[in-house]
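Summary of structural features
Chain residues, written in single-letter form:
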Amino acid sequence: MRQAAAAVLAAILVISIGMSVKAAEIDISVKSAILVDCDSGKVLYEENADEQLAPASVTKVMTMLLIMEAIERGEIGYDTVVTASERAKSMGGSTIYLDTGEQMSVDDLLKGIAVASGNDACVAMAEHLSGSVEAFVDVMNNRAAELGMVNTHFVTCNGLDADGHYSSARDIAIMSRELLKHEDILRYTGIWMDSLRDGKFQLANTNKLIRYYDGATGLKTGSTSKAGNCISATAERNGTRLCAVVLGSPNSKARFAAASTLLNYGFENYTSVGSSAGEAAGVVKVKKGESENVTCVLEEACRATVEKGAAGVVETEIELAEEAEAPIGKGEKMGVMKLILNGEVIAEADIVAGEDVHRVSFGKMYIE
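Keep in mind that what you see is a predicted model, and the values were worked out from it rather than measured. (Residues numbered from 1 in each chain as written. Predicted model: local features only at pLDDT ≥ 70, side-chain atom pairs only at ≥ 80, totals over all residues. Heavy atoms only, no water.)

**Structural notes on helix α7 (residues 169–180)**
A turn of α-helix holds 3.6 residues, and therefore any two residues three or four places apart point the same way. The end-to-end C-alpha distance of α7 is 16 Å, a good match for the 16 Å that twelve residues give at a rise of 1.5 Å each. Of all twelve residues in α7, nine are buried, a share of seventy percent or more. (Helix = DSSP H or I, 4+ residues; strand = E, 2+ residues; numbered from the N terminus. Expected span 1.5 Å × (residues − 1). Buried < 20%, exposed > 50% of the residue type's maximum accessible area, 1.4 Å probe, protein only.)

This is the structure we're talking about:
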C-alpha cells in the first residue's frame, strides 16, 4: 500500500516537474504562497503572502536557524551532547522517541528535526540552549522581529497548534533565506534517508521533493489539523536558488504539487546573475605596505534575479580605489560592485580587502 502511494506521488511530481508554467497560469490549492529568489530576496510570485496562518512544523525553520547561529557563535558544537527531559519525551506528533535522560548529539538532533520533524528533538534543543522552552520561544520571537517578520508570533518551538501561534508565507521566506546562509544546514535538510542510535532508528525525510524534484535542497514540511499542509521548499539549479512557501494546502499531494509548480515557474522564467560572496573583485595598489598589492573580494553576494531574456544585458560596474596606504585590515572597504539593468542599479555589494597588509617598517624602507 505504501509503495503504491509512493508511486502515485512520484508520478504526480514527475508530471508537475515537466510542465511549463507562466505566472498567469499558476493554479495551486493553497491559502497562501510566495516564491522568492534566495540570494536577492526578489519576490517572483505571491498569493495572500501576508495572511497570518498556522505554520505547523515549518516553525522549525526558526528553531534550526537559532541552533545554527549558536553553533556559529561557538556556544555549542555538532558533537555537543544534549540530555532529553521528561517534557521532551512527552511531545506528541512527529517524534524521534526520545526517552527521559537519553543523550544525543546536536548533530543527531538536527537530523531528527530536519529529516523526521521531531517535536521532541526541538524541545531538547530549546531547553539546552535557553534553559526552558518558554525562554527559547522568546528568543525565536526576538529573532523574528530582528528579521522584519511582522506577521509572525511563536508560541511553540516545534509548530504544534497553539492559540496565537502564527506566521505568513512572506515571513517564512525571510527566515528560510536566513537559514540558508548557514550552508551546513543543507547537510541535514537534503537527507532523504538516514538513521539514529547506531542504525536502530530509521529516518525518512518528510519532504518528498528531496527525492523527486530535481535540485531540491530542503527545507521543511509541516501539517496539523489547524494549519493544513505546509512547506518551505528550496531548490537550486545552475546557480539560481529559489524558495517556495506554501501554507494551507488541503492535503500532502496538493502541497508538493503547489511547491513544484512555483519552483518550475521560477526556474523556467528567471535566472540569477552576478557574483558570490568571497569572489575576487580586483587588486588595489598598496602604499608603504609589506605587499605591493592587496587582493580584493566581495564582502557579500552581489546577485540579482532577472527574467531570462534580460540576463545578457545586465552590466557589472566595479568602483575600486586606485591606491590605499598600509596598514590595511582584512575586510576593510576598498570599493563597490554594482549590477545595472537598463540604467538602474539592481544589486550592490561592498568590495573589501581579502587579507591583511602590514605597514613596512622604517628600517626596511631605509634599506630598500
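So that's the structure; there's more coming.
**Some remarks on unusual backbone geometry**
Peptide bonds are trans in most cases, and residues, glycine excluded, mostly fall at negative phi. Gly 218 connects to Leu 219 through a cis peptide bond whose omega is 20 degrees. Mapped onto the fold, Leu 219 is located in strand β7 (residues 216–224). A cis geometry characterises the amide bond from Ala 326 onward to Pro 327, with omega recorded as 5 degrees. Structurally, Pro 327 is set in the loop between β15 (323–325) and β16 (333–341). Although it is not a glycine, Arg 197 adopts a positive phi angle of roughly 55 degrees. Relative accessible area serves as the criterion here: at 23%, Arg 197 is assigned to the partly exposed category. The phi dihedral of Asp 198 falls on the positive side, at around 55 degrees, and the residue is not glycine. Residue placement: Asp 198 occurs in the loop between β5 (193–196) and β6 (201–204).

**Here we look at the sheet that holds strand β14 (residues 315–320)**
Ordered in space as β14-β16-β17-β12-β11-β15, the six strands form an open sheet in which the pairing is mixed. Where the open sheet ends on each side, the last strands, each with one partner, are β14 and β15. Here the strands of the sheet are splayed against their neighbours by 35 degrees on average, with no regard to which way each runs. (Pairing = 2+ DSSP bridges. Axes fitted to C-alpha atoms, helices over the stretch in contact; angles between N-to-C directions.)

**Structural notes on the pairing of strand β1 (residues 32–37)**
Most of β1 sits out of view: six of its six residues are buried. Where burial is concerned, the two faces of β1 agree: the one with Ser 32, Ile 34 and Val 36 and the one with Ala 33, Leu 35 and Asp 37 are both buried. Across six bridges, the pairing between β1 and strand β9 (residues 240–249) is antiparallel. Each bridged residue has a counterpart across the sheet, and for Ser 32 the counterpart in β9 is Leu 247. In this sheet, strand β2 (residues 43–47) lies alongside β1 in antiparallel orientation, the contact comprising four bridges. The residue of β2 that forms the bridge with Ile 34 is Glu 46. Adjacent in sequence and paired antiparallel, β1 and β2 are bridged by five residues, among which Gly 41 carries a positive phi angle near 80 degrees.

**Some remarks on the nonpolar core**
Counting residues in hydrophobic clusters, the biggest one holds 64 residues, and the most contacted among them are Met 62, Ile 96 and Leu 110. Residue assignment for this core shows that the elements contributing at least two residues are β1, α2 (60–72), α4 (106–114), α5 (119–130), α6 (133–146), α7, β6 and β9. It is α2 that contributes the most residues to this core, nine residues altogether. In contact with Met 62, other than residues within four places in its own chain, are Met 140, Arg 143, Ala 144, Leu 147, Met 149, Phe 154 and Met 175. Formed by 25 residues, the second largest nonpolar core is a distinct cluster that contains Ile 26, Leu 35, Ala 216 and Tyr 270. (Core = buried A, V, L, I, M, F, W, Y, C linked by side-chain atoms within 4.5 Å. Contact = heavy atoms within 4.5 Å.)

**As for the packing of α2 against α4**
Packed helices, taken two at a time, are described by the angle between their axes plus the distance between the axes. Across the interface, α2 lies against α4 with an axial gap of 11 Å and an inter-helix angle of 160 degrees. Here α4 runs roughly antiparallel to α2, going by the angle between their axes. The handedness of the crossing between α2 and α4 is left-handed. On α4, the residues touching Lys 60, Met 64, Ile 67, Met 68 and Ile 71 of α2 are Val 106, Leu 110, Ile 113 and Ala 114. When grouped by side-chain class, the residues that make up the contact of α2 with α4 number eight nonpolar, no polar and one charged. (Parallel < 35°, antiparallel > 145°, perpendicular 65-115°, else oblique. Left-handed = near helix turned anticlockwise from the far one by under 90°. Nonpolar A, V, L, I, M, F, W, Y, C, P; charged D, E, K, R; others polar.)

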